[in-house]
Amino acid sequence: MKIRRISEELKQKYGQKIYKLSLSAGCTCPNRDGTLGYGGCTFCSEGGSGDFASHPASIREQIAEARKRIDPKLPASLAMEDRRFIAYFQSFTNTYGNTARLEPIFSEAASQPEIVGLSIGTRPDCLEEDKISMLKRLNERKPVWIELGLQTIHEVTAQRIHRGYSLPVFEDAYYRLKQAGIPVIVHVILGLPGETEEMMLQTIRYLASLDPHPDGVKLQLLHILKGTRLADEYLACPFPLLEMEEYCRLVVKCLKILPEDIVIHRLTGDGPKKLLLAPLWSADKKRVLNTLNRFIEEA
């Protein structure tokens, strides 16, 4: 089975492997600061999914710090000034707060010559019209895509994981972003507590039915991380978790449902090993990816 992978798309466009630099816009989340609730979604760690991000004072400093981890991975033959990256605003909700504060932060990232685009993670309930207008302005300077954490279409699960918004809120933000010409990448978590395989596939079918289609999809294995409310729930009353081959078979089923024009941005994920409580097999990233690729090739 042939799929469109973001790594291959970017390499074809820019002539080199493009890495993401995990940055912080200094945002919190309405699901953490008391606006909607405290503690965030039950699966979310204290770092707000940005456990690998660096947090020096300025965006320029953050880029320099993040490059210290990435540059050694790049071929020595590729000159430092020719290397290109995506500015990835991952931690918490990066369109939450004052637009007048956020726009200069994103603009600073866009102005750096090594940055070819911005990837901004956020919630659909934090995309007011002034935020959409800001993103549209940014997108006219350098490519910008928005990563929306849908996770599931099922309200019973959304309430259990304390997501804090309903599906119509996602749909409203999604279509307003698309109308503004801003690419949208949708996150889905496979293996959420209480969900059957059919429920997970219903979420994928929903994404496939959206018109226009999402520009990309991230498939994420549920990780149970220490210090989260989900970890407390799991330790108190363990619920079934996906085994590695079970997860790989499920990913293949998802890929067969998704239209070919949707770019796959992630097939799994790796939580910080120091925080990972379960499933422990996911910590062996190389083995997981090799198994996934084998299942995809054989499909």
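Residues numbered from 1 in each chain as written. Predicted model: local features only at pLDDT ≥ 70, side-chain atom pairs only at ≥ 80, totals over all residues. Heavy atoms only, no water.

## A look at the overall build of the chain
Phase 1 of the analysis: In terms of helices and strands, the chain carries 10 helices and nine strands.
Phase 2 of the analysis: Taken over C-alpha atoms, the radius of gyration comes to 19 Å for the chain, in line with the 19 Å a tight globule of 299 residues would show.
Phase 3 of the analysis: Along the three orthogonal principal directions, the C-alpha set of the chain runs to about 50 × 45 × 40 Å.
Phase 4 of the analysis: Pairs at least 24 residues apart make up 81% of the contacts formed inside the chain by residues separated by at least 6 positions.
Phase 5 of the analysis: When the accessible surface of the chain is split by element, carbon and sulfur atoms take 53% of a total near 13500 Å². (Helix = DSSP H or I, 4+ residues; strand = E, 2+ residues; numbered from the N terminus. Rg over C-alpha atoms; globule rule 2.2 N^0.38 Å. Contact = heavy atoms within 4.5 Å. Areas by Shrake-Rupley, 256 points an atom, 1.4 Å probe, with all protein chains shown as cover.)

## Describing the packing of helix α7 (residues 197–209) against helix α9 (residues 244–257)
Phase 1 of the analysis: Direction vectors running N to C along α7 and α9 enclose 25°, while the axes themselves pass 9 Å from each other. One finds that α7 runs roughly parallel with respect to α9. Considering the relative orientation of α7 and α9, their crossing is right-handed. Each of Glu197, Met200, Leu201, Ile204, Arg205 and Ala208 in α7 lies in contact with α9, whose residues at this interface are Leu250, Lys253, Cys254 and Ile257.
Phase 2 of the analysis: Classifying every residue of the contact of α7 with α9 gives seven nonpolar, no polar and three charged. (Axes fitted to C-alpha atoms, helices over the stretch in contact; angles between N-to-C directions. Parallel < 35°, antiparallel > 145°, perpendicular 65-115°, else oblique. Left-handed = near helix turned anticlockwise from the far one by under 90°. Nonpolar A, V, L, I, M, F, W, Y, C, P; charged D, E, K, R; others polar.)

## Regarding the confidence of the model for the chain
Phase 1 of the analysis: On average, residues of the chain carry a pLDDT of 94, and 97% of them reach 70 or more.
Phase 2 of the analysis: For residues 48–54, every residue scores under 50 in pLDDT, and the model assigns this stretch 26 contacts once sequence neighbours within four places are set aside. (pLDDT = per-residue confidence, 0-100.)

## Section: the packing of aromatic side chains
Phase 1 of the analysis: Under the definition given, this model contains six aromatic pairs.
Phase 2 of the analysis: Seen from their ring centres, Tyr234 and Phe239 are 5.2 Å apart, and the 75° between their planes marks the pair as edge-to-face.
Phase 3 of the analysis: Relative accessible area serves as the criterion here: at 17%, Tyr234 is assigned to the buried category.
Phase 4 of the analysis: Taken together, Phe170, Tyr174, Tyr175 and Tyr206 form an aromatic cluster joined through their ring pairs.
Phase 5 of the analysis: Lying across the ring of Tyr88, Lys20 places its NZ or CZ 3.9 Å from the centre.
Phase 6 of the analysis: When the ring centre of Tyr165 is taken as reference, the NZ or CZ atom of Arg163 above it lies at 4.3 Å. (Phe/Tyr/Trp six-rings, centres within 6.5 Å; stacked < 30°, edge-to-face > 60°. Buried < 20%, exposed > 50% of the residue type's maximum accessible area, 1.4 Å probe, protein only. Lys NZ or Arg CZ within 6 Å of the ring centre and 35° of its normal.)

## Description of the pairing of strand β3 (residues 115–122)
Phase 1 of the analysis: Counting buried positions over the eight residues of β3 gives eight, a clear majority of the element.
Phase 2 of the analysis: After leaving strand β2 (residues 85–89), the chain enters helix α3 (residues 99–111) and then returns to the sheet as β3, a path that is right-handed.
Phase 3 of the analysis: Examined bridge by bridge, β3 and strand β4 (residues 144–151) share five bridges and lie parallel to one another. When the sheet's bridge partners are listed, Leu118 is paired in β4 with Val144.
Phase 4 of the analysis: Read from β3 through helix α4 (residues 129–141) to β4, the crossover connection turns out right-handed. (Right-handed = clockwise from strand over helix to strand, strands pointing away. Pairing = 2+ DSSP bridges.)

## Looking at α4
Phase 1 of the analysis: The terminal C-alpha atoms of α4 lie 19 Å apart, and with 13 residues this matches the ideal 18 Å at 1.5 Å per residue to within 8%.
Phase 2 of the analysis: Within α4, burial applies to Lys131, Ile132, Met134, Leu135 and Leu138. Take α4 and look down its axis: the buried residues cluster within an arc of 160°, on one side only.
Phase 3 of the analysis: Close packing links the buried residues of α4 with α3, β3, β4 and α6 (167–179). (Expected span 1.5 Å × (residues − 1). Arc of directions from axis to C-beta.)

## Section: the pattern of salt bridges
Phase 1 of the analysis: Scanning the model with the defined rule gives 18 salt bridges in all.
Phase 2 of the analysis: Put simply, Arg67 and Glu114 hold a salt bridge, and the shortest N to O gap is 3.6 Å. Of this pair, Arg67 sits in helix α2 (residues 59–70) while Glu114 sits in the loop between α3 and β3, and the two are 47 residues apart along the sequence.
Phase 3 of the analysis: For Glu114, a relative accessible area of 14% corresponds to the buried category. (Salt bridge = Lys/Arg side-chain N within 4 Å of Asp/Glu carboxyl O.)

## Topic: the nonpolar core
Phase 1 of the analysis: Core analysis: the biggest nonpolar cluster contains 71 residues, and Phe89, Phe106, Leu118, Leu135, Phe170, Leu190 and Leu219 have the highest contact counts within it.
Phase 2 of the analysis: Looking at this core element by element, the count peaks at eight residues for α9.
Phase 3 of the analysis: Beyond its immediate chain neighbours, meaning those up to four positions away, Leu219 contacts Val188, Leu190, Ile204, Tyr247, Val251, Cys254, Leu255, Arg266, Leu267 and Thr268.
Phase 4 of the analysis: Residues Cys44, Ile161, Leu222 and Tyr234 belong to the second largest nonpolar core, which totals 14 residues. (Core = buried A, V, L, I, M, F, W, Y, C linked by side-chain atoms within 4.5 Å.)

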